Each structure stands twice: as structure tokens, then as C-alpha cells.
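A look at the structure
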Amino acid sequence: MNTSELFALLEQHKNAALLFEYSPGQLVGANYHITEVKHVVIDAVDCGARADAWNETVIQLWESPEELGKTEYMSAYKALGILKKVGSMRAYDTQAVVRFEYGNSLFHTAQLFVNDYEIKENQLLLKLAVAPTDCKAKDVCGVPEPADVSAASCSPGSGCC
């Protein structure tokens, strides 16, 4: 999900409570705050000596220990207000991928991408997931692409079954 898609989703469901699922069945507590928004510029060189560059929007979520037991989640409207205020101070790259930075005592701090979302009972649930590391220069480094092991490619004698 890019930044403009997130803003449009929040705008479309601004009256909904905004929840985050950081791992299947595990929600960020209702005591969360948006504590930082980072406009990140990545200027990278991969293991195949190829340069690349892109932008990311990283939104940090933090659970306030003083609000443990809180049951009412922040509204999408309030989150959008915070994000718009940030945008008035530092312009967004609206095409930048958005990530949420989060961690707690049971889950290591990580930057999570929006894998999916769900709307139910006046709640907007953003389902977050980690992205595994990968070799971006498989062709240069001689790393074979994973074989297609779909049912269509598994024929007798193919070696995949």
C-alpha cells in the first residue's frame, strides 16, 4: 500500500476505529499513539552492484504504558488529522510505500507493510506483515529463482512431486 492509498482508505472510513494486527490474531493495544512519521529516502546498491533508490513513509506506533487497559481505539479521522499535520510540515511522496514501525515486549520491533485490511463493525483493521529479506540480484549472483511448484507444473517425471 502506498501513502496515497492509505490516506484514501482513512478518509473513506474516517468514522471507524483504527486497529492494527501486527501478527495473526495479535492487535496493537488501544493505548497506541502515532509517535513519529518518517519520510525515508533509500539510496541503495544491491549485491549485484546495481544502484536503486526509492522513498518510504514509516509511521511509528507506540503503546503508552500510562494508558494500559484503554479499550477505545483511535479513529481513522484522528489518525488522518495527525498525518495531514505532518504533511503540512514535511511533504509526503504520495507514491511511497507505507510501513508501520512497531514492537512490544512479545514482538521484536520491525517495519511492517500493510498486507491487507478488513472493515467490520465500524472498525478499520489494517493487517500488517513482515517482508523477508531477499537477494535482488539473483541473476547476477547465480541464485536460482524458486521453481514453480503449482499443480499445473507437477506432472509425473517433473521432479516436483
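On a predicted model such as this, the values are computed, not experimentally measured, just so you know. (Residues numbered from 1 in each chain as written. Predicted model: local features only at pLDDT ≥ 70, side-chain atom pairs only at ≥ 80, totals over all residues. Heavy atoms only, no water.)

1. Looking at the side chain of Glu-21
- Note that Glu-21 resides in strand E1 (residues 17-23).
- Put simply, Glu-21 is tucked away with no salt bridge, and the nearest opposite charge, on Lys-127, sits 4.6 Å away.
- Here the side chain of Glu-21 touches Gly-25 through a polar contact of 3.1 Å, landing on its backbone nitrogen.
- Each residue touching Glu-21, except ones within four places of it in the same chain, is listed here: Gln-26, Leu-27, Leu-125, Leu-126, Lys-127 and Leu-128. (Helix = DSSP H or I, 4+ residues; strand = E, 2+ residues; numbered from the N terminus. Buried < 20%, exposed > 50% of the residue type's maximum accessible area, 1.4 Å probe, protein only. Lys, Arg positive; Asp, Glu negative; His and termini not counted. Salt bridge = Lys/Arg side-chain N within 4 Å of Asp/Glu carboxyl O. Polar contact = N/O pair within 3.5 Å; in protein donor to acceptor, adjacent residues only side chain to side chain. Contact = heavy atoms within 4.5 Å.)

2. Brief notes about the pattern of salt bridges
- The final tally for this structure, using the stated rule, is 10 salt bridges.
- With a shortest N-O distance of 3.7 Å, Lys-38 and Glu-36 are connected by a salt bridge.
- Accessibility expressed as a relative area gives 24% for Lys-38, which makes it partly exposed.
- Here Glu-36 falls in the partly exposed class, since its relative accessible area comes to 36%.
- For the salt bridge of Glu-118 with Lys-127, the shortest nitrogen-to-oxygen distance reads 2.8 Å.
- When its relative accessible area of 27% is taken as the criterion, Glu-118 is described as partly exposed.
- Connected via shared salt-bridge partners are Glu-11, Lys-14 and Lys-84.

3. Here we look at the environment of Ala-53
- Inspection of the secondary structure assignment puts Ala-53 in strand E4 (residues 51-63).
- Residues Ala-53 and Asn-104, spaced 51 residues apart in sequence, show a C-alpha to C-alpha distance of 30 Å.
- Here Ala-53 is in contact with Ile-42 and Asp-43, once residues within four sequence places are set aside.

4. Focus on the environment of Ala-79
- Of note, Ala-79 is situated in helix H2 (residues 76-89).
- Classification of Ala-79 by relative accessible area gives buried; the value is 1%.
- When the C-alpha positions of Ala-79 and Lys-14 are compared, they lie 8.8 Å apart, and in sequence the two are 65 residues distant.
- Setting aside chain neighbours within four positions, we find Ala-79 in contact with Leu-18, Ile-34 and Met-74.

5. What about the pairing of strand E5 (residues 97-104)?
- When E4 meets E5, the two strands line up parallel, connected through 5 bridges. Each bridged residue has a counterpart across the sheet, and for Thr-57 the counterpart in E5 is Val-98.
- Since E4 and E5 lie parallel, the crossover through H2 that links them has a hand, and here it is right-handed.
- Both E5 and strand E6 (residues 107-120) contribute to a ladder of 5 bridges, which runs antiparallel. Paired with Glu-101 across the bridge in E6 is Gln-111.
- Where E5 folds back on E6, the antiparallel hairpin that results is connected by 2 residues. (Pairing = 2+ DSSP bridges. Right-handed = clockwise from strand over helix to strand, strands pointing away.)

6. Details of the sheet that holds E1
- Judged by pairing direction, the sheet is mixed, and its 7 strands sit side by side in the order E2-E1-E7-E6-E5-E4-E3 without closing on themselves. Of all strands in the sheet, those bounded by a partner on one side alone are strand E2 (26-27) and strand E3 (32-45).
- Docked against the sheet, H2 engages E1, E3 and E4, running at close to 50° with respect to E3. (Axes fitted to C-alpha atoms, helices over the stretch in contact; angles between N-to-C directions.)

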